[in-house]
Amino acid sequence: MSKVIEGLYYSESHEYVRVEGDFGFIGITDYAQHALGNVVYVDLPEVDDEVEAGEEFGAVESVKAASDLNSPVSGTVVEVNEALDDEPELLNQDAYENWIIKVQLSDKAELDNLMDAKAYEEFCNQ
């Protein structure tokens, strides 16, 4: 069973966002990293890139597959997790601790379109 954390927002494409003030930390869920297998590369956007809810912002490659990363929210990238350049496997070790990008949220109302932990767990178990 994959780990799901209370207090995060989840998308149907298996990204999460952890909100702190006006910022969102976006990463892939534990379910996603399990499905991907050993992550070998993360394609990161640039700082100051704009991301749109539901739009692609990068990709994760594993030994099994490549998967697009879709932003659960809109905003401006203020930081990327550069540790993933050298150690993409951090996503396998702890997907929630190792976020991928930090964005300044442009519309917090978009969070209402995402699932809470309970709904995401049900979604994954369908």
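Relevant structure appears above.
Summarised in this report is the structure supplied together with it. (Residues numbered from 1 in each chain as written. Predicted model: local features only at pLDDT ≥ 70, side-chain atom pairs only at ≥ 80, totals over all residues. Heavy atoms only, no water.)

This next bit is on unusual backbone geometry. Phi at His14 is positive, roughly 70 degrees, even though this residue is not glycine. Residue placement: His14 occurs in the loop between strand E1 (9-10) and strand E2 (15-20). Judged by relative accessible area, which is 17%, His14 ranks as buried. Even without a glycine there, the phi angle at Asp48 is positive, about 80 degrees. By the secondary structure assignment, Asp48 is in the loop between strand E4 (39-43) and strand E5 (50-51). (Helix = DSSP H or I, 4+ residues; strand = E, 2+ residues; numbered from the N terminus. Buried < 20%, exposed > 50% of the residue type's maximum accessible area, 1.4 Å probe, protein only.)

Here we take up the environment of Glu82. In this fold, Glu82 is placed in the loop between strand E8 (75-80) and helix H2 (83-86). Taking the relative accessible area as the measure of exposure, Glu82 reaches 56% and is therefore exposed. Considered as a pair, Glu82 and Glu6 are 76 residues apart in the sequence and their alpha carbons are 26 Å apart.

In terms of burial, strand E6 (residues 56-62) is largely enclosed, as five of its seven residues are buried. Sheet analysis places E4 next to E6, joined by four bridges and oriented antiparallel. Of the residues in E6, the one forming a bridge with Tyr41 is Glu61. With five bridges joining them, E6 and strand E7 (residues 66-70) adopt antiparallel strand pairing. Counterpart to Glu61 in the pairing with E7 is Ala66. (Pairing = 2+ DSSP bridges.)

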